[in-house]
Amino acid sequence: MKNGILYAAIAAAIGAGAYYAIQQQSDITAASLTYVPADTLVFMGDLEPASWQETISPLQARFSQLFTGGTSASVQEIERLQKEIEAKPEEWNDGLRIIVGLYAEYVTMLTNGTVNPQSFGFADKLDAAFYTVGAIPVLRFKLENEVNFDKLITAAELRTKAKAETAKIKEFSYKRYFFNQGKHPVAFAIGKKDGFAVLTLDVGDMATEDDLSIAFGITKPAQSLKQAGTLDKLVQAYEFRKSSIGFINNEMLVKTLTRADSSLAKLLDKVTEGESTKNLAEYRTPECQKDIEDIAALWPKEVFGYTNLDTKGDPIRFDSVFKIESKDAATMTSLQKLRGFIPDYGKDDKSLSKFAIGLNVDELAPVITDLWNRTTQAQVTCTALKDIQNSLKMANPSMLAMGTAMVQGLQGVSFNLQELKLKDDAADMPAAIEKLSFVASVSGKQPQQLWGMLSMVNPELASMVKLPADGQSVDLPIPPVLPLPDKVKLGLYGQHITIFSGESGAKLAASLAKQPLAANGFYQLGLDYSLLADMAQFGRHQFEQAATENAVQLETATSAAEMTAEPSAATATAASAASAASAASSSMNDEQKEVQQVVNMLEEMRGVRLLTGMDFEQNGITIKGSMELPQKK
């Protein structure tokens, strides 16, 4: 699809994600939770709804290019799809048609510059949830204006000529749009009940009627998520905000493997005509049910939510956590031994891009060996798991110790780019570097020993430069084929070998001398979109230069052809050259527009900073993320 579809999808994702990210707390618990079964396989929603106007509307104004950028191309793509539907109606079922129609209505609103949930019939305080009933996915929205919602569905139907069939469960009526009507019909289903709009799948006899009844809210679940208090427990355990909370239920998902009577297992069995039951039979013995479900109980959920939010400051900031929950204390104790050193430059860290791995290499072989021993020696009665154990025994990790001995004492490596400025008039990338400031570090218990090992691997480097004394730096020879604005230095600061350039790079390198070699993390990655915006501007300038040169060359070639041609052929030659020039110019103009769209999008994101990191904690594997968004001036 065209870039416009991509931009619209990005805008939709940012809109949905940011909405959840910045919801404000209220005293009203989300009513949708009473319809969500406690045993849902997945959940995304919140405890408390919040006002769209107070949250997303300001962001739409801040990121106007993202919410409207590329919409003309998106509209063109939608028009193309509509023509394709008309030309080849047999290739487009009603399920696909209604989905395209709904997306088209969204893009139409996007062209107006704002997305307002009330226009779709949803409430300003958007009470919404995504979950499952058995194997059926459900998306539930609180309605404020049913007339507007009905208009949305009608408009989507008219756009793509999607035809709905009215179906009933007892006295309740709903619409369904079939993806197929074969032996196992599947349809996209839309219904309204109790002031909610419900979008789900009608899978016919592949699920029980009770599941569809619970999905639409005709029947309440035996125990709801609200009654179970699951979200309250997550908020308390992980200090999540009461908005945008989610989880994946591993204990329920694994029963698809071990239990033939689970809802998802039954659906798969019918879809595969019984093949899944045959293939999974070895995992459904009483022994395997116990062993595999016991393992799942040690890793019960993946949970996620937001922990911090400042929407009024400059920059806006919100922090999130994704955690793989673990009750396997022995495994987490082992994994924590792998944690190494990640530099913390504090307020002086204005990085455009950074990357760090904190890894205690001395513990790598012992930890992997410990995990391997416990896995291969675990007492299991399941034959399938015994087979896996036997396979693992063939891959003894003891040889790993020989490899890690080469970098004994290593605790972490990092790279931090502080400044990069490019010359617009440069012909190639190396010559384009006008300003450069960075620092790279290798941290270890015995840095001199690490340098010695590196010297053995690369004797030529060792002959050119020696590791300086602690607190000192020396010039690092760089081949003349790569001209840089400042000299690159090799330094030693405390237990950190550094390579740096530029004023801020030197400052950060020296600051490492004050940082003890503590185990403070495992992985970190950061990005400032200003770097991408600058690169896009540089790329646009290079593209324009190439376009100008191509136009001059084409004009020169045309003139030469006219001068050498016979008089009788001159007119034809000129016409042919003019036609070629016109086609080339048209193609170049289209490409320039696409390049400019990318530039505009990244300019809108200039100053947005992302940071993510992974760490091992006693209660699980944690991935933290933060995002800073400067207020629009």
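The following paragraphs examine the structure supplied in this document. Everything quoted here is computed from the prediction, not taken from an experiment.

## Observations concerning the overall build of the chain
Secondary structure assignment for the chain yields 23 helices and 19 strands. The burial tally for the chain puts 44% of its 633 residues in the buried class. At a minimum sequence separation of 6, the contacts of the chain that also span at least 24 residues come to 68%. Carbon and sulfur atoms make up 57% of the accessible area of the chain, which amounts to about 31500 Å² in all.

## Remarks on helix α5 (residues 94-110)
Between its first and last C-alpha atoms α5 spans 24 Å; for 17 residues at 1.5 Å apiece the expected length is 24 Å, and the two agree. Most of α5 is tucked away: 12 of the 17 residues are buried. Within α5 the residues assigned to the buried category are G95, R97, I98, V100, G101, L102, A104, E105, Y106, V107, M109 and L110. Its side-chain oxygen placed 3.1 Å from the backbone nitrogen of G95, N93 serves as the N-cap of α5.

## What about the environment of L225?
Along the polypeptide, L225 turns up in helix α8 (residues 225-228). With relative accessibility at 2%, the residue L225 sits in the buried group. Separated by 186 residues in sequence, L225 and D39 have C-alpha atoms that sit 7.8 Å apart. Once residues within four sequence positions are removed from consideration, L225 is found in contact with L33, V36, P37, A38, F43, T230, L231 and F247.

## Focus: the state of the cysteines
With the rule as written, the count across this model stands at one disulfide. The partner cysteine of C288 in its disulfide is C382, sulfur to sulfur 1.8 Å. On the S-S bond that ties C288 to C382, the torsion sits near 80°, and the link is right-handed. Pair noted here: C288 is in helix α14 (residues 286-298) and C382 is in the loop between α16 (361-377) and α17 (383-393), with a separation of 94 residues, a long-range link. Residues C288 and C382 agree in their burial class; the two are buried.

## A closer look at the pattern of salt bridges
For the structure on display, the rule yields 28 salt bridges. Across the salt bridge formed by K290 and D294, the nearest N and O atoms sit 3.0 Å from each other. Of this pair, K290 and D294 are both found in helix α14, four residues apart, which corresponds to roughly one turn of the helix. With a relative accessible area of 52%, K290 lands in the exposed category. The network of salt bridges with shared partners includes R317, D319, D528, R609 and E628.

## Quick word on the packing of aromatic side chains
The geometry of an aromatic ring pair is captured by the separation of the ring centres together with the interplanar angle, meaning the angle of the planes. The full count for this structure, using the stated rule, is 16 aromatic pairs. Look at F122 and F141: their rings are 4.5 Å apart centre to centre, the planes differ by 15°, and that puts the pair in the stacked class. Of this pair, F122 sits in the loop between α5 and β2 (128-133) while F141 sits in strand β3 (residues 136-142), and the two are 19 residues apart along the sequence. Note on accessibility: F122 and F141 belong to one class, buried.

## Details of the side chain of S443
If you trace the backbone, S443 turns up in strand β13 (residues 433-444). Apart from the residues lying within four places of it in its own chain, the contact partners of S443 are F341, G409, L410, Q411, G412, L450, Q495, H496 and L517.

## Some details on the packing of α5 against helix α6 (residues 146-160)
Contact geometry for α5 and α6: axes closest at 8 Å, N-to-C directions at 115°. One way to sum up the angle between α5 and α6 is to call them roughly perpendicular. Considering the relative orientation of α5 and α6, their crossing is right-handed. Of the residues in α6, those touching α5 at R97, I98, V100, G101, L102, A104, E105 and T108 are L152, I153, A155, A156, E157, R159 and T160. Tallied by class, the residues present in the contact of α5 with α6 amount to eight nonpolar, three polar and four charged.

Rules used in this analysis
- Residues numbered from 1 in each chain as written.
- Predicted model: local features only at pLDDT ≥ 70, side-chain atom pairs only at ≥ 80, totals over all residues.
- Heavy atoms only, no water.
- Helix = DSSP H or I, 4+ residues; strand = E, 2+ residues; numbered from the N terminus.
- Buried < 20%, exposed > 50% of the residue type's maximum accessible area, 1.4 Å probe, protein only.
- Contact = heavy atoms within 4.5 Å.
- Areas by Shrake-Rupley, 256 points an atom, 1.4 Å probe, with all protein chains shown as cover.
- Expected span 1.5 Å × (residues − 1).
- Polar contact = N/O pair within 3.5 Å; in protein donor to acceptor, adjacent residues only side chain to side chain.
- Disulfide = S-S within 2.5 Å.
- Salt bridge = Lys/Arg side-chain N within 4 Å of Asp/Glu carboxyl O.
- Phe/Tyr/Trp six-rings, centres within 6.5 Å; stacked < 30°, edge-to-face > 60°.
- Axes fitted to C-alpha atoms, helices over the stretch in contact; angles between N-to-C directions.
- Parallel < 35°, antiparallel > 145°, perpendicular 65-115°, else oblique.
- Left-handed = near helix turned anticlockwise from the far one by under 90°.
- Nonpolar A, V, L, I, M, F, W, Y, C, P; charged D, E, K, R; others polar.

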